[in-house]
Each structure stands twice: as structure tokens, then as C-alpha cells.
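# Observations on the three-dimensional arrangement
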Amino acid sequence: FFYHLIPAYVIERLYWEERGMTIPMVVYTEILYAVTVVLLEIPSGILADKWGRTNLIVWASFLGALEFLILVFASEFWHFALVVILAGIGSSAVSGAGNALLYDTLLHDGREKDFEKILGRLRALDITAITLAALSGSFMAVRWGFEFNYWISFVAMTLSLCLAFLLTEPLRSGMFTEDESISIRTYVTASIGIFRQNPGIWLMVLCGIVMGASISFIDEFWQLYLDRMGIPVSWFGVFSATIFLLRVPGNILAYQLKTRWSERSFFAFATAVFAFGFLVMALEQRYVGLIAIFFICLISGIVEPLVTGYLHHRIDSSMRATVDSFRSLGAHAVLIGIGLGFGYFSTFLDVYGGYGFIAVVCGVFLVYFYFRSEHVVKQHG
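Attention here is on the structure that accompanies the text. Being a predicted model, the structure only gives us computed values, none of them experimental.

So, how was this worked out
Residues numbered from 1 in each chain as written. Predicted model: local features only at pLDDT ≥ 70, side-chain atom pairs only at ≥ 80, totals over all residues. Heavy atoms only, no water. Phe/Tyr/Trp six-rings, centres within 6.5 Å; stacked < 30°, edge-to-face > 60°. Helix = DSSP H or I, 4+ residues; strand = E, 2+ residues; numbered from the N terminus. Buried < 20%, exposed > 50% of the residue type's maximum accessible area, 1.4 Å probe, protein only. Lys NZ or Arg CZ within 6 Å of the ring centre and 35° of its normal. Contact = heavy atoms within 4.5 Å. Axes fitted to C-alpha atoms, helices over the stretch in contact; angles between N-to-C directions. Parallel < 35°, antiparallel > 145°, perpendicular 65-115°, else oblique. Left-handed = near helix turned anticlockwise from the far one by under 90°. Patch = residues over 30% accessible without salt bridge, like charges linked within 9 Å, V, L, I, M, F, W, Y side chains within 5 Å. Areas by Shrake-Rupley, 256 points an atom, 1.4 Å probe, with all protein chains shown as cover. Salt bridge = Lys/Arg side-chain N within 4 Å of Asp/Glu carboxyl O.

Counted under the stated rule, the structure contains 20 aromatic pairs. Considering the side-chain rings of Phe 221 and Phe 342, the 5.1 Å spacing of their centres and the 35 degrees angle between planes classify their relative orientation as tilted. Highlighted residues: Phe 221 in helix H8 (residues 199-228) and Phe 342 in helix H13 (residues 320-380), separated in sequence by 121 residues. For Phe 221, a relative accessible area of 1% gives the class buried. An aromatic cluster is defined as three or more aromatic residues linked by ring pairs; in this entry it consists of Phe 217, Phe 221, Tyr 225, Phe 274, Phe 278, Phe 342, Tyr 352 and Tyr 355. The ring of Tyr 370 has Arg 264 sitting right over it, with the charged end atom 5.0 Å from the ring centre.

Next up, the structure:
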């Protein structure tokens, strides 16, 4: 909760522009962030499985607090570059560890079937914190300046660090748990083997990766989208709260959807919504584009719990964080590719061109997913 109670993101891109950061420069920092995660994702997942998930979560919280302290005084590109590198280290440390700690805690209590339900509720709690931050962030930015939000965010991350020290880790079982001398190569080989032997897992995870990478460019650049439409900063908090609150119903009800709708049908539908929604955002440079954002956010709330649950129900506890880190690795690799295209088209066509590029990516993937999933169903059931 405290980890997401950070109002700085409400005015983040405008704050960065105020400090001399252009859209391409912001995209470069996003790519630098993704590269950092790509390099550290797998090693951090293995560390979480071998030496404890709580240790990595504590380090991630510490780095989060340090990031905001640096941002308060940032004035040059390399300052922002340093921040995203620290953010990448923290993200890679917590990405696999957090979900692994949750699943194994439930498994220890015999409640692993409730994973999607609990994960969805935790995401809803996260959104509550984000909403509070959004509603207060724009008000505080107008009244006391952009930097004040960063100081509040630093305090929130410090509280998150204090709570991280209170986490406890359940006993785990699995093929690698008893032997801490298992090599990194063995972990990597076993993780890759899971995806090779289960093409359905790979396809569903890839679908979640594409949609997750795509919506990140709404989360990162919606401020500029509204700014180009002439919407005042005082309304940014309301809009930010809205696009996050729209994800709550999906977070909470996702576990029920999996029993009523096949994964293939839902993810094909969700990808189609993303493709059409981003196309509308690119072409309709008016309030219709905002409605498209709302629909994308509404569907995205369902995607993460289903994809994460689909993966964790099918992997071993002793390498749970490692396999989840592979998923995050893929997500950031895709983010790099989409980010390059987004930055290129934004240079010539502003943010609208960037969203048009994402619409094409989602459309192409929709065609691939439809035919590939049909093949997987026929071959593997």
C-alpha cells in the first residue's frame, strides 16, 4: 500500500519536461530501465529462490526510497538515468520475489487455489493507494509545486521499507530447495524447459507481456496526452484516479472469469480491445481518445491476475521466482522494442504517432495469437 502511495507520478512527465527532458529522452530512460532489468532479472530471481524472497523485497524498497531522494535534486539527464538504473535494479529484485512469496504463503496454508483472488485483491489495494496519491498529487502540485510531491513519495517509500522488514517467509519444497549449491545454469535450463514443454504457458504469458508493455505507455505518457488536449493540470489527479479505479473490477473478479470463459477466447478479445483502443487514441485527438483509454484500462485489470495465476499454478515452488523473472525479462525485452518504435513515431507525429505504432503491434500480435493458439489447442489440448 505505501509502496504505491506516491503522488509524484501524477506530474512525473511534466516535472521531467520542466527539468529539460524531451519525449525521446524520456523514452531513452525507459529503454535504459528495461535494459537494466533484462540484465538483472534472471540473477535476481535465482537469488530470491536460493537465499530468500524477503531479502530482495527489502532491498527493492530501499532503492525505491533512494530514487525519489535523487529525483528531488535531479537537473541533468544523467541524474534521471541513474534513477532509472536504480529503479531497474529494484524492479528486478522484487518482480519474481513478490508473486513467489504470495503463492508459497498460500500454498503453505493449503490455499493456492485462491491465488488469483488474493492477487486481485492486493492489486485493488494497490490501486486504492494510487488513487489517493492521484487525487492529492495534482492538488499538491498546483498548490505547493512539483517537488513537494517527490518529498511525499520519498516518505511513502521509507514507510514501505519499514514494513518490508516485518515480512516472514514460509517453508518451501521442490526439486532445488534442499541444495543451495545448484548452479545458475541449472536454474536457467530448467526454467526454459518449462516454457518449451508447455507451449500454452508460453503463449498466454506472451499475450500478457504484449498487453502489459503496451499499457505501460498509457501509464507513462497519459499526462502528455491530456496536456496536448489542453486539459489543465488540476484535472490530472481525477483522470489518473479514474484510469486506475477502472482496473479494480477486473482485479477483483478475474478469478471468477477463468471458470466461465476460456483463456484463448478472453485473451483474443482483450488483445482486440487493445488494438482498437490504441488506434482510436492515435486518430481521435479529442475526448473520444479518453474513452478508448478507459476501455483499455478496464480490460487490463483482468489480464494480470489471470496470466500470473496461469503461470504459477504450473511451476515448482523451488524455482517460482526464477520462472516469474523470465516472464518479467520477456516483458522488458518487448518494452524495449515497443519503446523504440514509440519514441521514433512520437518524434515526428508527437505522442499520437507513438500510440498508433502500438495499435499496429497489438493488431499484428492478435493475428499471431489467434492462429498460434488454435494450433496449440489442436496439438496439446
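Attention now moves to the environment of Gly 301. Summarising the element assignment, Gly 301 is placed in helix H12 (residues 287-312). On the basis of relative accessibility, which here comes to 2%, the residue Gly 301 falls in the buried class. Counting along the chain gives 181 residues from Gly 301 to Gly 120, while the straight-line C-alpha distance between them is 8.5 Å. Once you skip the residues sitting within four places of it in the chain, Gly 301 turns out to touch Arg 247, Gly 250 and Asn 251.

Attention now goes to the packing of helix H11 (residues 263-283) against H12. One way to put it is that H11 packs onto H12 with a least axis distance of 9 Å and a crossing angle of 150 degrees. Here H11 lies roughly antiparallel to H12, going by the angle between them. Handedness of the H11/H12 crossing: left-handed.

Time to look at a nonpolar patch on the surface. On the surface, a cluster of nonpolar side chains totalling about 370 Å² of accessible area is made up of Val 35, Leu 39, Leu 40, Ile 85 and Ile 89. Listing elements by their share of the nonpolar patch, those giving two or more residues are helix H2 (23-51) and helix H4 (77-108). By residue number, the principal contributor to the nonpolar patch is H2, which donates 3 residues. By the secondary structure assignment, Leu 39 is in helix H2.

All told, the structure shown has 8 salt bridges when counted by the stated rule. Across the pair Asp 104 and Arg 53 runs a salt bridge, and its minimum N-O distance is 2.7 Å. Of this pair, Asp 104 sits in helix H4 while Arg 53 sits in helix H3 (residues 53-73), placing them 51 residues apart in sequence. Asp 104 gets classed as buried once you look at its relative accessible area, which sits at 2%. Accessibility expressed as a relative area gives 0% for Arg 53, which makes it buried. One salt bridge connects Arg 228 with Asp 350, and the closest N-O pair in it is separated by 2.8 Å. Here Arg 228, found in helix H8, pairs with Asp 350, found in helix H13; they are 122 residues apart in sequence, far enough to count as distant. One network of salt bridges, in which partners are shared, links Arg 53, Asp 104 and Glu 169.

Distances and angles like these do not, on their own, reveal function.
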